[in-house]
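Remarks on the overall topology
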Amino acid sequence: MRVPLNSVNSVASTLNLVMRVLLNSVNSVASTLNLLGSGDANGHINEGFVPDGEAKGGKQPSKEANASSSYKLDVEIGEERATWGNPVEFLMSCISMSVGLGNIWRFPFTAYENGGGAFLIPYLVVLYFIGKPLYFLEMAMGQFSSYGSVKIWEVAPIVKGIGYGQAFATWCVVTYYTSLMALVSFYFIASFQDPLPWAYCDPAWADEKCADSSMNLTNSSMFGKSESPTDQYFRRNVLQQIENIDDGIGAPEWRLTLCLFFSWIVIFLILAKGVSSSGKAAYFTALFPYFVLITLLVRGVTLPGAYEGIMFYITPQWDKILEAKVWYAAVTQCFFSLSVSFGPIVMFSSYNNFKQPIYRDSLIISFMDTGTSLLAGVTIFAILGHLAHELDVDITKVVKGGTGLAFISYPEAIAKMAFVPQLFAVLFFLMLFTLGVGSASSLTGCVITVINDDFPQWKRWKITAVVAVIGFCCGLVYVTPGGQYILDLVDYFGGGFIIFIMAILETFAISWIYGYKNLIRDIHFMIGTKLSFYWVVEWGFFIPVTLLAIFVYSLFKYEPLKIGDSYMPTSATTAGWILTLIAVSQIPIWAFIAVRKQTGKTIFEKIRNACKPTKEWGPKNPNTHQEWLKYCKENETEVSNKSWKFYKRWTQKPYVINE
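In this report, the structure presented in the accompanying data block is examined. (Residues numbered from 1 in each chain as written. Predicted model: local features only at pLDDT ≥ 70, side-chain atom pairs only at ≥ 80, totals over all residues. Heavy atoms only, no water.)

1. Some thoughts on the overall build of the protein
When helices and strands are tallied, the protein shows 21 helices and 4 strands. By the burial criterion, 58% of the 659 residues in the protein qualify as buried. For the protein, the proportion of contacts with a sequence separation of at least 24, taken over those separated by at least 6, is 81%. Summed over all atoms, the accessible surface of the protein reaches about 27,900 Å², with 62% contributed by carbon and sulfur. (Helix = DSSP H or I, 4+ residues; strand = E, 2+ residues; numbered from the N terminus. Buried < 20%, exposed > 50% of the residue type's maximum accessible area, 1.4 Å probe, protein only. Contact = heavy atoms within 4.5 Å. Areas by Shrake-Rupley, 256 points an atom, 1.4 Å probe, with all protein chains shown as cover.)

So, in structure tokens, the structure goes:
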């Protein structure tokens, strides 16, 4: 029977006790971190801290510019902008954003598919030379200007379309990300049943192919053709998936619709009051998943077959390191995991105090993200190794990618646990939902900030409510019988192609239109650190060239998306390309608008003026803004090399702003 029994009450009681202990632990950790959060990387208290031993070149910012400011309100020119309650909230929010669903079900399978342990080499190389520098760049730009991902392009109005393109891509991801949260919510509720509903073939949704591990099909006509109850439960009961979308995608499934509505309610409650509410929620969304991961890891490594599963995951396949697709997979995983070029990093750092030590923060977050991916991989494959042991099959038979790993392979492994499988199911799906909330609220908050920056007179909670309603309506597409196919389509075109293009343009615009020398100077003024030539090479050359090469490679390797063995309908693929076109078209549209607004006798003079920062660019605090203008003039340098005439002409005097 599917009716909850008495053991479910014990599961709920145990979970309640665990949650109480966890929340008390989180409060204790938060209090400790608050005490440590005001210190620098060496433990010193930050009071306008500027490192001793000034690097060569440039003058040290004045004492007035380094004056300490509280973490309450940083006054903008003509308006106020809320900031984090304390710097640890910023750190927790970034960790919550970066550590998401992709770390649990995307990284382990990607690593397994691309060389196992050998995949760590290209991944760590990409993380160090592309991921971390981009993360630091976006943090620096957001904190320096106190603007969101669109308004930040006051630095070069001609490329303001990059911000709108990123916001569009972010919205595409948000709409389907919340539908995944809806699936997780459904499974979380179902996890309280005894036995677990996916552990057996229920006639209400199973067909003749359904067979659990207790059935002997050796002499049956279904031998080799059977499907597990976990697989059928996901496809036939939860998704009610159709074979293709040639005749449409169907109507939204009512149970998933309610779960989707619940997910958006949670996001609204977190974001309604801005950083004052989302910052507090970040303590839980950032720390709780680690508690569950470690709990599942401890349980997983004690199960029979766990060692074989872990070794299967980490055993390197060295021959794959030289394959281009492995490096492409490393870059896409890094982008997907860290959320660079989506906008939330800029948004979060825009609420920082002007002197927040973001270089330290970028190091912590990027390596926490990588560590979580590795931890998740070991945990997942330990459980999958046990599943392969129980079924007496090769582990390759139980490993599935993407949503299949989260909703088929792992639930099947949990169902075969002898000791209270409901408890581990509840913990696992609660962890997934927490991870989803952290990332989805960050991405949604980015869109809200874009609107709020353009229309500061509007109440934030009203903007949040409207965004949530629209997001819910868009998300209904993904909870239809054909919704998973649309999800794959939007993920590929709306979240993949677009972000690569925007990342290339972003680094090029900041390094060559605004000028990497000006960027390094601004960072020096802001946090007192003179960056080395390494950052010039990274931002000005290596990152844009490498990303461009990878993007071209992906175009050459492009194949239309498939549904099983057949290609998606032409209309669906066309819709995907339209998504990409909408985002990319923002570049020329907003460039045209920016040029039209400029004064000048010739079109070339207007274009050049559109490449200069506006009067709104710079620190938002009026006193700090004046100090920055003064600092720019004092540190003006001539570019003597004739080969740099282009650079000198366009970016030598960024402090001469457009009036």
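That shown, we press on.
2. Description of the state of the cysteines
Applying the stated criterion across every chain yields a total of 1 disulfide. Here Cys201 connects covalently by a disulfide to Cys210, the sulfurs 2.0 Å from one another. Taking the torsion about the sulfur-sulfur bond, which here is approximately -90 degrees, the covalent link between Cys201 and Cys210 counts as left-handed. Its relative accessible area of 8% is what places Cys210 among the buried residues. (Disulfide = S-S within 2.5 Å.)

3. Brief notes about the environment of Pro304
Tracing the backbone shows Pro304 in the loop between helix H8 (275-301) and helix H9 (306-314). In this structure Pro304 comes out as partly exposed when scored by relative accessible area, which is 41%. When sequence neighbours within four positions are dropped, the list of residues in contact with Pro304 reads Gly385, His386 and His389.

4. A word on the side chain of Lys160
Position of Lys160 among the secondary structure elements: in the loop between helix H4 (120-145) and helix H5 (161-190). Ignoring sequence-local partners within four residues, the contact set of Lys160 consists of Val150, Trp153, Glu154 and Trp590.

5. Some thoughts on the environment of Leu387
Relative to the helices and strands, Leu387 is located in helix H12 (residues 358-391). Separated by 25 residues in the primary sequence, Leu387 and Glu412 have C-alpha atoms spaced 7.5 Å apart. The residues touching Leu387, leaving out its near neighbours within four places in the chain, are Val398, Ser409, Glu412, Ala413 and Lys416.

6. A look at helix H18 (residues 570-597)
An ideal rise of 1.5 Å per residue puts 40 Å on 28 residues; H18 measures up with 40 Å between its terminal C-alpha atoms. For H18, the complete set of buried residues consists of Ala572, Thr573, Gly576, Leu579, Thr580, Ala583, Gln586, Ile587, Ala591, Ala594 and Val595. Turning to H18, the residues buried within the fold contact H5, helix H16 (483-527) and helix H19 (603-610). (Expected span 1.5 Å × (residues − 1).)

7. Regarding a nonpolar patch on the surface
Nonpolar side chains collect at one region of the surface, where Ile121, Val125, Tyr128, Phe129, Trp318, Phe367, Phe533, Val537, Phe541 and Phe542 lie side by side and expose about 950 Å² of accessible area between them. Counting residues per element, the ones that place at least two in the nonpolar patch are H4 and helix H17 (533-556). As for its placement among the helices and strands, Ile121 is situated in helix H4. (Patch = residues over 30% accessible without salt bridge, like charges linked within 9 Å, V, L, I, M, F, W, Y side chains within 5 Å. Salt bridge = Lys/Arg side-chain N within 4 Å of Asp/Glu carboxyl O.)

8. Describing the nonpolar core
Soluble globular proteins tend to bury their nonpolar side chains together. Core analysis: the largest hydrophobic core is formed by 190 residues, its most contacted members being Phe428, Trp539 and Leu547. For this core, the leading source of residues is H16, giving 26 residues. Residue contacts for Leu547: discarding those within four places in its chain leaves Ile130, Leu134, Val331, Phe335, Phe500, Ala503 and Ile504. (Core = buried A, V, L, I, M, F, W, Y, C linked by side-chain atoms within 4.5 Å.)

9. Some points on empty space enclosed by the protein
Within this structure, the stated rule accounts for 5 cavities of 30 Å³ or more. Together, 14 residues line the largest cavity, and Tyr177, Phe336, Ser339, Ser439 and Leu443 are the ones closest to its centre. Within the residue set of the lining of the largest cavity, elements represented by two or more residues are helix H2 (87-98), helix H3 (101-113), H5, helix H10 (324-338) and helix H14 (421-454). Grouping the amino acids of the lining of the largest cavity by side-chain chemistry returns 7 nonpolar, 7 polar and no charged. Looking at the second largest cavity, its volume works out to about 100 Å³. In this structure, the second largest cavity is lined by 13 residues; those nearest its centre are Ser278, Ala282, Gly438, Ser441 and Ser442. Mapped onto the lining of the second largest cavity, the elements with two or more residues apiece are H2, helix H7 (254-271), H8 and H14. Residues that form the lining of the second largest cavity fall into these classes: 6 nonpolar, 7 polar and no charged. (1 Å grid on protein atoms, 1.4 Å probe; cavity = no way out; pocket = protein on both sides within 12 Å on 5 of 7 lines; lining within 4 Å. Points joined across faces, edges and corners; volume = space filled by probe spheres on them. Nonpolar A, V, L, I, M, F, W, Y, C, P; charged D, E, K, R; others polar.)

10. Topic: the pattern of salt bridges
For the coordinates displayed, the defined rule picks out 9 salt bridges. The residue Arg235 makes a salt bridge to Glu227 at a minimum N-O spacing of 2.7 Å. A salt bridge links Glu253 to Arg255; the shortest N-O distance between them is 2.8 Å.

11. Considerations on the packing of H4 against H10
Geometrically, a packed helix pair is captured by the angle between its two axes and the distance between the axes. At a closest axis distance of 9 Å, the pairing of H4 and H10 adopts a crossing angle of 40 degrees. The angle between H4 and H10 places the two elements in the oblique class. The hand of the H4/H10 crossing is right-handed. Two secondary-structure elements touch here, H4 through Pro122, Tyr123, Val125, Val126, Leu127, Ile130, Gly131, Leu134 and Tyr135 and H10 through Val326, Trp327, Ala330, Val331, Gln333, Cys334, Phe335, Ser337 and Leu338. Class assignment for the residues of the contact of H4 with H10 results in 15 nonpolar, 3 polar and no charged. (Axes fitted to C-alpha atoms, helices over the stretch in contact; angles between N-to-C directions. Parallel < 35°, antiparallel > 145°, perpendicular 65-115°, else oblique. Left-handed = near helix turned anticlockwise from the far one by under 90°.)

12. Overview of the packing of aromatic side chains
Applying the stated criterion across every chain yields a total of 57 aromatic pairs. The ring of Tyr128 carries Lys132 above its face, with NZ or CZ at 4.7 Å from the centroid. (Phe/Tyr/Trp six-rings, centres within 6.5 Å; stacked < 30°, edge-to-face > 60°. Lys NZ or Arg CZ within 6 Å of the ring centre and 35° of its normal.)

13. So, the packing of H3 against H10
The interhelical angle for the contact between H3 and H10, taken along N-to-C directions, is 175 degrees, at an axis separation of 11 Å. On the basis of the axis angle, H3 is roughly antiparallel to H10. In this structure, H3 contributes Gly102, Asn103, Arg106, Phe107 and Thr110 to the contact, and H10 contributes Ala329, Thr332, Gln333, Phe336 and Ser337. Residues belonging to the contact of H3 with H10 are distributed by class as follows: 3 nonpolar, 6 polar and 1 charged.

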